[in-house]
Structures are given as structure tokens and as C-alpha cells.
Amino acid sequence: MTGSQFISSWDFLSKYVRQRVARTALVFLAGALVMTGEAKPRPDVLFVAIDDMNDWISLLDPESPIKTPNLERLATRGMLFTRAYCISPACNPSRSALLTGLRPSTSGVYANNSDWRKALPDRRTIMQQFRTAGYSVRGAGKIFHHKSKGFHDEDSFDDFQMMAPQNMPPKKLNLSPGYGSRNTDWGVWPPDERSTIDFRTADYCIRALQSPVKDKPLFLACGIFKPHSPFFAPREYFMDAGKMRLPQRRTDDWNDLPRGAQKLMEKTKWFWNGMERLDGRLPGSYRRFIEAYAACCNFADAQLGRVLDALDASPRRDRTIVVLWSDHGFHLGEKDHIEKFALWEKSNHIPFIVVAPGVTGKGVRCSRPVDLSVVYPTLLELCGLPAAECDGVSAVPLLRNPRCVWKRPALMTYGRGNHAVRTERWRYIRYADGSEELYDHDVDPHEWSNLAGNDEFEGIKESHRSWLPSEEAKEVVSLKR
Ligand SMILES: [Ca+2]
Ligand SMILES: [Ca+2]
């Protein structure tokens, strides 16, 4: 066949056949490129977990006195999810669900002392997926909940720098006579930030980002431990004492809470014992506690900034996917509660940022509700790894178009049978005893007014109930010793 004969034969083929032939050729060419190693290199991943950082930060609330310039700097490079929620408002169930892609209602891991690996011996974590795909997986700090019970997973990393023991002051700092827990103490400590867990974690990550780019792509997990208790930060991270605005709270807020909520809260009232005076300047005061939490957030943000500086100075900068999340929120007195362990907005609403070069735009905000079950499938899809069965769905459609149709709400679980469902407007909570709460965030962002007893909202409650898990795994009770 001569060249002109070939061209005329090509013209005679139907459009459909021509498209098929062209597509097959493209697939063949792409395959050949992969075979010869000329395919585009896979992206690196910087995976940042922050512990107990809530939404009262300037990233999510510009009015907040707690400034987080480095979180904001990261958000300008990709997508900030303004309605992102944890899977469970406690370290271990939140982290193990995110890292395995399975919710507590699937795994039975509902509590901080549930041995997730015993419950899921063969389940691949996100990091194992990346190791299997040929990544070099490294990390430092708090990724799994391993502060006291040893839930770290060695198989998930090629190399990992464990958290050093907390550097404790010689004596309790808050000086409140009625408050004895040193693990939840607060104040100015240590004198030198270089002796903190997070400074060392950031150092490890900086070294990893400075390491030469080799054949293997890098998955780097950076687990920042603050603002988790004890609420210690070096002096330079504290604002002037007495100047900070305090969170909004109503002391009669509990009057409309159902039995389920009251029961869940029974164990957490102790935290208030340390607050001798609500608005004083005593070291044991509520105000000093809030100032210490704020200082811990400033400190965590500064450590993130050091890691981002290293990324920016590295040739990896434009080929690195960054995912940043907090494992849950934290109440600072709102709803008369200090701690997490609740299904209200403050314990569950979190900072969540995804930077995916070529996928996310710059400085984009997405207001669709998501929970962190999206992280596992999203990372696999973004990096071209095979999809895996999991409870969440990929958020890549939102990363491409933050306003795309997204019917799925965020689902949160705390203890077997207790769940919250968050849509763009509503928070619906149902406890194991069947009691309920409903809040309209359009008019009640502080969740002061429980509407669940109002017949007018039966339809709203019913539509939210339909997202609750139909089956719930039995609780894993085994403790790792
Ligand atoms: Ca936590
Ligand atoms: Ca109320």
C-alpha cells in the first residue's frame, strides 16, 4: 500500500473506528513509555497530621485571635475544605479509621484503647499501599495513636522517628490546688523549643525533604503533636496575658440536651476542676488555659512553617501532593465542655487542606461537607495507585470542581451507636439510647438551640438518619500492653 492509498483508506473508515484506532495507539504509546521508564514520575506525598487542632484558628475563622499563617500559606496553594470533619472525635478511632479506610462501625475500633491492628490484622494502611507501590515511606511524630498504648505500626514505614517522651517541667505549672493531672497541665514550657517533640519531628521531615531525589518517590508523614495536652509551649508563642478574647459560651446551654448527650459528658466534667477563676489571670485560670491552647496552636503552625520552607527549597516542591488534617477538634468551654469526646461541631470540625499540583486550583475553598474517610481513596487515586475497598469515597471530583454535585454528608461516630451527620446546613446527632439533637447552622452556628424535639423538623431528621450505618461492628475491647 502506498502512502496516498493509506490516507484515502483512513478517510474512508468511519469516525468511530478512527477514534478507536487512535485511542488504542495512545494507550500503546503510554504503555511503552512506562516500560522504558519515560513516564511522568509519580508525585511525592507530604502527609501532615495535627493533633487536637480545632476550628478556632484564623485559617477557618478570620476573627479568631489564634493566628495560623502557615496553614493559610498552605491553603493558598490548593484547596481548603471549610466543612471538613473527623471520623471520630478521639485520637485512636479517628486515626486508625483514616489510615485504614475503615470506619469504627466497620472495624469495631471505637475507643482510644482499642487495638486496631488486632482488629484488622491483614488490612493495608495508606502507608502500606504506598510501600507496595514502590514508594519510600518515612515518617516522624504522631501518626498512629501511640502516645501511651503503643499502637504504632512498624510495617507501615521504611523508616520512622518515634516521638520522644514529653519534656515535663519539674513541677505542675498551672498551680491550681484542685487540679492534679500533669498530662493535661498548661503553661510556658520548655525554655528552648529545640527540646520539644514537634521541633524534632519537623527536623526529621526537613532532612527527608532535603535528601536527594532518587528512583523511588517519597511518602513523608509528619505527625505534629501540639496543640494536644499537656498544653505547653515556649514563651515566644504566647500572646500578652489577659488580652485574648475568650470563646463564646452559654452556661444554660445544657438545658435542652437529651439523655444520650448528658451521659456521654459525665466523664469529662473533671477538666473544669482546674479552672479556679473563669476570667482571672491566675496560672490556674480558664483564661490562662485558653492562652496556652492558643500558644500550642501557634507553635504547631510554626513547625509546619519550617517543614513548608524545606519543601519550597526542594526540587520536590512542584511535584508534591500535600494533605494536611487534624484528627479532631476540641472544645474550649463552648457548650460548657473542655475536651473532645463529643459529637458537637467543636469536637469534630477540623482544618483539612489538599494541594495536588495539576488537579487543585490555587487558594480554592470547598464548602461541601466531607469527613476524613475521603483521604484513603483520594490519595490512592491522585497517585495512580490501584483503588481499594474502603468506607469512604474519593474527593477527587471535589478537588477538580469544589461545587460539583456531592450528596454525601460527613458522618462522625463516637462510641458504638453514637453518630452525627453533618450536611451543609444541619448537624443531626443520634445517641445509642435513641435520643437526638438537631442544629440549624444557618442561624445557630454555636449549636445553642436543640431543635430535635420540634415536629416541624421530622423530615430533616429522617433524611439525616438515612446516612447512619445500618450495621455496627462489636467494640474491640482488647488492649495492647
Ligand atoms: Ca487527637
Ligand atoms: Ca442548648
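Predicted model only: the values in this text are computed from it and were never measured.

Visitor: Which parts of the structure should I look at to understand the coordination of the calcium ion (ligand 2)?
Guide: In an ideal tetrahedron of four donors about a metal, each angle is 109.5 degrees. In an ideal octahedron of six donors, the angles are 90 or 180 degrees. Here the calcium ion (ligand 2) is held by Asp253 (O), Asp253 (OD), Asp256 (OD), Asp256 (OD) and Trp448 (O), and the distances to it run 2.3 to 3.0 Å. You can call Asp253 buried: its relative accessible area is 2%.

Visitor: Hey, could you run me through the environment of Lys340 in this one?
Guide: Considering the arrangement of structural elements, one finds Lys340 in the loop between β11 (338–339) and α11 (345–348). Once the C-alpha coordinates of Lys340 and Cys91 are considered, the two residues, 249 residues apart in sequence, prove to be 9.4 Å apart. Discounting residues that sit within four places of it in the chain, Lys340 has contacts with Asp52, Pro89, Cys91, His228, His328, Gly329, Phe330 and Ser347.

Visitor: Help me out: how do you make sense of helix α12 (residues 375–382) in this one?
Guide: Note: α-helices contain 3.6 residues per turn, so residues at a spacing of three or four share the same orientation. Judged by how many residues are buried, α12 sits mostly within the fold: seven of eight residues are covered. When α12 is considered as a whole, its buried residues turn out to be Val375, Tyr376, Pro377, Thr378, Leu379, Leu380 and Leu382. Within two residues after α12, Gly384 carries a phi angle of roughly 75 degrees, on the positive side.

Visitor: Would you explain the packing of aromatic side chains in this entry?
Guide: Aromatic ring pairs are described here by two measures, namely the spacing of the ring centres and the angle between the planes. Using the criterion set out here, one finds 15 aromatic pairs in the structure. Centroid distance Tyr293 to Phe330: 5.4 Å. Interplanar angle 20 degrees. Geometry classified as stacked. Of this pair, Tyr293 sits in helix α10 (residues 286–312) while Phe330 sits in the loop between β9 (320–326) and β10 (331–332), placing them 37 residues apart in sequence. With respect to class, Tyr293 is no different from Phe330; both count as buried.

Visitor: So what exactly am I meant to see when it comes to the pattern of salt bridges here?
Guide: Two side chains that carry opposite charge are able to pair once their charged atoms sit near each other. All told, the structure shown has 36 salt bridges when counted by the stated rule. The salt bridge partner of Asp252 is Arg250, with a shortest N-O separation of 3.2 Å. Since its relative accessible area comes to 37%, Arg250 is described here as partly exposed. Between Arg317 and Asp312 there is a salt bridge, with its nearest N and O atoms 2.9 Å apart. When salt bridges with common partners are traced through the structure, they connect Arg73, Arg77, Asp309, Asp312, Arg317 and Asp318 into a single cluster.

Visitor: Is there a simple way to explain the coordination of the calcium ion (ligand 1) in this structure?
Guide: For the calcium ion (ligand 1), the protein coordination sphere consists of Asp51 (OD), Asp52 (OD), Cys91 (SG), Asp327 (OD), Asp327 (OD) and His328 (NE2), at 2.2 to 2.7 Å. Taken together, the six donor atoms coordinating the calcium ion (ligand 1) and their angles of 52 to 156 degrees define a geometry best described as irregular. All donors of the calcium ion (ligand 1) belong to a single chain; written as a sequence motif, their spacing is D-D-x38-C-x235-D-H. Note that Asp52 is positioned in the loop between β1 (44–50) and α3 (69–75) and His328 in the loop between β9 and β10, a separation of 276 residues in sequence. This pair shows no difference in class: Asp52 is buried, exactly as His328 is.

Visitor: Please explain unusual backbone geometry as it appears in this structure.
Guide: Excluding glycine, residues mostly carry a negative phi; peptide bonds, for their part, are mostly trans. Residue Pro227 follows Lys226 across a cis peptide bond; omega there is 15 degrees. Relative to the assigned elements, Pro227 resides in the loop between β7 (218–224) and β8 (231–233). Cis geometry is adopted by the peptide bond preceding Pro230, which originates at Ser229 and carries an omega value of -5 degrees. Note on placement: Pro230 falls in the loop between β7 and β8. The backbone of Asp336 shows a phi angle near 55 degrees, a positive value even though the residue is not glycine. In this fold, Asp336 is placed in the loop between β10 and β11. On the basis of relative accessibility, which here comes to 15%, the residue Asp336 falls in the buried class.

Visitor: Sorry if this is basic, but what is going on with the layout of surface pockets here?
Guide: In this approach the atoms are scanned with a rolling probe the size of a water molecule, which exposes any empty space left behind. For the largest pocket, the calculated volume is near 900 Å³. Lining the largest pocket are 38 residues, and of these Ala90, Asn112, Lys267, Phe341 and Tyr414 sit closest to its centre. Of all the secondary-structure elements, those providing two or more residues to the lining of the largest pocket are α4 (91–100) and α9 (259–265). Ranked by the residues each element gives to the lining of the largest pocket, the list is headed by α9, at three residues. Looking at side-chain class alone, the lining of the largest pocket contains 14 nonpolar, 13 polar and 11 charged residues. In this structure, the second largest pocket encloses a volume near 600 Å³.

Visitor: It is not clear to me how the sheet that holds strand β12 (residues 349–350) should be interpreted in this structure. Could you clarify?
Guide: Sheet strands pair by backbone hydrogen bonding; their relative direction is either parallel or antiparallel. Strand order across the open sheet formed by three strands is β12-β3-β15, with mixed pairing between neighbours. The open sheet is flanked by β12 and β15 (370–371), the only strands paired with a single partner. When strand β3 (residues 84–85) meets β12, the two strands line up antiparallel, connected through two bridges. What sits directly across from Tyr85, in β12, is His349.

Visitor: What exactly am I supposed to notice about the sheet that holds β9 here?
Guide: If you walk across this open sheet you meet the eight strands as β5-β4-β7-β1-β9-β13-β2-β14, and the pairing is mixed. In this open sheet, the two strands that pair with only one neighbour each are β5 (159–161) and β14 (364–366). Direction aside, the axes of adjacent strands within the sheet are offset by 15 degrees on average. Looking at chain direction, β1 and β7 are connected through six bridges and run parallel. By the bridge assignment, Ile50 is partnered in β7 with Ile224. Of the strands in this sheet, β4 (136–141), β5 and β7 are in contact with helix α8 (residues 197–210), which crosses β7 at around 165 degrees. Along the sheet face, α10 touches β1, β7 and β9 and points at about 175 degrees away from the line of β1.

So, how was this worked out
Every chain begins its residue count from 1, and numbering advances along the sequence as written. As a convention, the first chain written is A and the first ligand written is 1, with the rest following in written order. Local features in this predicted model are restricted to residues whose pLDDT is 70 or higher, and side-chain atom pairs enter the listing and the counts only when it is 80 or higher, whereas totals over whole chains, interfaces and linings include all residues. Note that the side-chain values use all heavy atoms of the structure and ignore hydrogens as well as water. Metal donors: N, O and S atoms at distances within 2.8 Å, or within 3.2 Å for Na, K and Ca, with water omitted from the atom set so that some sites may seem incomplete. Each residue's exposure class comes from its accessible area (1.4 Å probe, protein chains only) as a fraction of the maximum for that residue type: buried when under 20%, exposed when over 50%, partly exposed otherwise. Counting from the N terminus, the helices are DSSP H or I runs at least four residues long and the strands are E runs at least two residues long. By definition, residues are in contact when any of their heavy atoms lie within 4.5 Å. Planes of paired rings set the category: under 30 degrees apart is stacked, over 60 is edge-to-face and the rest tilted, where pairs are Phe, Tyr or Trp rings (Trp by its six-membered ring) whose centres lie within 6.5 Å. A pairing counts as a salt bridge when a side-chain nitrogen of Lys or Arg comes within 4 Å of a carboxyl oxygen of Asp or Glu. Irregular is the default label, applied whenever a site is not tetrahedral (four donors, all angles between 85 and 135 degrees) and neither square planar nor octahedral (four or six donors, opposite donors over 155 degrees apart, all other angles between 65 and 115). Computed over the protein atoms alone on a 1 Å grid, cavities are sets of points where a 1.4 Å probe fits but cannot get out and pockets are open sets with protein on both sides within 12 Å along at least five of seven lines; a residue lines them when it has an atom within 4 Å of a point. Grid points are joined across faces, edges and corners, and a volume is the space filled by probe spheres set on the points. Amino acids are sorted into nonpolar (Ala, Val, Leu, Ile, Met, Phe, Trp, Tyr, Cys and Pro), charged (Asp, Glu, Lys and Arg) and polar (every other residue, Gly among them). Two strands make a pair as long as DSSP finds a minimum of two bridges between them. Under this scheme, a helix contributes an axis fitted over its contacting stretch, all axes are lines through C-alpha atoms, and angles between N-to-C directions fall in the 0 to 180 degree range.

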